[in-house]
Amino acid sequence: MSRLDEKQLNESLRRAAAAIPSNHAEEIWNTPVEKADADAWFLQEPEKEPKAKTVHRPLRWAGLIAACFAVAFFGWFQSRMAADATVYLDVNPSLTMEVNRQGKVVSANAGNEDGRIVLDDMDLRGADVDVAMNAILGSMVKQGYLSQTENTLLISVIGKDEARTAALRHRLSADAGQALETLLGSGVVLGQTVDADDDAEDLAGHCGITPGKAALILRLMKDRPSWNIRELAAMPMADLIRCCQAAGIDIAQYLGEDGEILGDLRSLLDDDDDDCDDHDDGDDHDDHDDHDDGDDYDDCSDEDDDYDDYDDDDGDDYDDYDDDDDDDYDDDDREDGTDDDR
């Protein structure tokens, strides 16, 4: 309650006096009046009643705690469980590793049967990607996929952040080169950064290689459209490099602007290597068929039919990489309905 000012007080007294019976008015007016103290009860403001306690405060705290937990869990998931980059390894076995921001392996998968043999029962989840790669290379040596003559590895990396992706690839390439030198005495490591590409994904899925190797092959096919894409996909990396060298191709030009090569490519040269252009004259790629399993390079496809079956729905198949000459591998067996001997 607000205090009365002098005017309001006089008005209140006047009204009170007017209400007094006339026979007592003179007596009241003659009664002396003392000034009230400042702390008189009627001049003090009434005490405020305490507010009722809100019953929703515990629920509010619970909501804040839940929100903080969700943010913390999302950050932990992004850094620990979510893949930040994908590493593709190709020798002849092809394998894929998903890696988080801490450089830990989220998952490791084989792209073909050789890759499954290499992985065997290894559980690489949670391991440092360097450790996982060294374990994979050691298994490849043990299984005979890597040797002093077949000592070439392609490392391809695709990632969300350009700087982290490049740093990861440089690191893995250096570690792989050192591992090959330790295991085999020497080795060649090709490193490249790749982008997501539907054509590379499709070719990889059809031929049991990684999208990294598929991207490299598709770049080569643009300049060598007469080469057989299925045979290139099935070649171990060492044989693919020899094939390019014999044809006078500098493989470094096809690894991208930031591609790298560790090791001596000249060590892969062989005096009796045939030019890869021999694919056009009907000769089989016999120089590359004498591996442990003795299988032909057509093993990259389970069927005996040509690569036209790859995307026959739209008719725009990988034979488009072939030239117009009549001795082409894939174009010469469509009119008569007979399959290519390859």
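Quantities reported herein were computed from a predicted structural model and do not represent experimental measurements.

J.: Mind laying out the sheet that holds strand E3 (residues 105-110), listing which residues take part and the relevant values?
T.: Backbone hydrogen bonds hold the strands of a sheet together, and the pairing may be parallel or antiparallel. If you trace the 6 strands from one edge of the open sheet to the other, you get E3-E2-E1-E4-E5-E6, paired in mixed fashion. A strand with exactly one partner marks an edge of an open sheet, and here the two such strands are E3 and strand E6 (260-262). Across the sheet, the mean angle from the axis of one strand to that of its neighbour is 15°, orientation sign disregarded. With respect to the sheet, helix H10 (residues 237-246) is in contact with strand E1 (85-90), strand E4 (152-159) and strand E5 (188-193), its orientation differing from that of E4 by roughly 100°.

J.: How would you summarise a negative patch on the surface if you had to cite specific residues and measurements?
T.: The grouping of Glu162, Asp195, Asp197, Asp198, Asp199, Glu201 and Asp202 at the surface amounts to a negative patch. No other element matches helix H7 (residues 198-207), which puts 4 residues into the negative patch. Classification of aspartate 198 as exposed rests on a relative accessible area of 62%.

J.: Which residues make up the nonpolar core, and what values do they have?
T.: Core analysis: the largest hydrophobic core is formed by 36 residues, its most contacted members being Leu216, Ile217, Trp227 and Ile251. Of all the secondary structure elements, the ones that give two or more residues to this core are E4, E5, H7, helix H8 (211-223), helix H9 (229-234) and H10. In terms of residue count, the dominant contributor to this core is H8 (7 residues). Among the nonpolar cores identified, the runner-up in size contains 29 residues, and Val87, Val99, Val105 and Leu137 belong to it.

J.: Kindly report on the state of the cysteines, identifying the contributing residues and their values.
T.: A full pass over the atoms with the stated rule returns 0 disulfides. In this structure cysteine 244 is a free cysteine whose sulfur lies 5.7 Å from that of cysteine 243, the closest cysteine sulfur available. A residue is classified by how much of its surface remains accessible, and cysteine 244, at 1% relative accessible area, is buried.

J.: Help me get a handle on the pairing of strand E2 (residues 94-99), residues and values and all.
T.: Among the 6 residues in E2, 5 count as buried, and that is most of the element. Two strands pair when backbone bridges link them, and E1 and E2 are joined in this way by 6 bridges, in the antiparallel orientation. Looking across to E2, one finds that leucine 89 is bridged to leucine 95. In this structure, the hairpin formed by E2 and E3 is closed by a connection of 5 residues, where glycine 103 is found at a positive phi of approximately 80°.

J.: So, the packing of H7 against H8: which residues are in play, and what are the values?
T.: Geometry of a packed helix pair, given as the angle between the helix axes and the separation of the axes. Between H7 and H8, whose axes approach to 8 Å, the crossing angle comes to 110°. By the angle between their directions, the pair H7 and H8 is classed as roughly perpendicular. Between H7 and H8 lies a crossing of right-handed hand. The segment H7 lies against H8, with Asp199, Ala200, Glu201, Leu203 and Ala204 engaging Pro211, Ala214, Ala215, Ile217 and Leu218. Tallied by class, the residues present in the contact of H7 with H8 amount to 8 nonpolar, no polar and 2 charged.

Parameters and conventions
Numbering of residues starts from 1 in every chain and runs along the sequence as written. In view of the model being predicted, local features appear only for residues whose pLDDT reaches at least 70, and side-chain atom pairs are presented and counted only at 80 or more, with totals across whole chains, interfaces and linings using the full set of residues. As a rule here, side-chain values cover all heavy atoms of the structure and leave hydrogens and water aside. Following DSSP output, two strands are said to pair if at least two bridges run between them. Secondary structure elements are taken from DSSP: a helix is a run of H or I of four residues or more, a strand is a run of E of two residues or more, and numbering for both begins at the N terminus. Angles here are taken between N-to-C directions and fall from 0 to 180 degrees, while the axes themselves are lines fitted to C-alpha atoms, restricted in helices to the stretch in contact. Should any heavy atoms of two residues lie within 4.5 Å, those residues are considered in contact. Think of a patch as exposed residues, more than 30% relative accessible area, with no salt bridge, where like charges cluster within 9 Å and nonpolar side chains (Val, Leu, Ile, Met, Phe, Trp, Tyr) cluster within 5 Å. Here, Shrake-Rupley sampling with a 1.4 Å probe gives the accessible areas, and only protein chains in the shown set may cover a residue. Counted as salt bridges are all cases of a side-chain nitrogen of Lys or Arg within 4 Å of a carboxyl oxygen of Asp or Glu. Neither His nor the chain ends contribute to the count of charged residues, in which Lys and Arg are positive and Asp and Glu negative. Think of each charge as sitting on NZ of Lys, CZ of Arg, CG of Asp or CD of Glu. Buried, partly exposed and exposed residues are distinguished by accessible area as a fraction of the type maximum, computed with a 1.4 Å probe on protein chains only: under 20%, between the cut-offs, and over 50%, respectively. In these notes, a set of buried Ala, Val, Leu, Ile, Met, Phe, Trp, Tyr and Cys residues joined through side-chain atoms within 4.5 Å is what counts as a nonpolar core. Criterion for a disulfide: a pair of cysteine sulfur atoms within 2.5 Å. The cut-offs work like this: below 35 degrees is roughly parallel, past 145 is roughly antiparallel, 65 to 115 is roughly perpendicular, and the gaps in between are oblique. Two helices that cross are described as forming a left-handed crossing if the nearer one is turned anticlockwise from the farther one by less than a right angle, and a right-handed crossing if clockwise. Amino acids outside the nonpolar list (Ala, Val, Leu, Ile, Met, Phe, Trp, Tyr, Cys, Pro) and the charged list (Asp, Glu, Lys, Arg) are all regarded as polar, and Gly is one of them.

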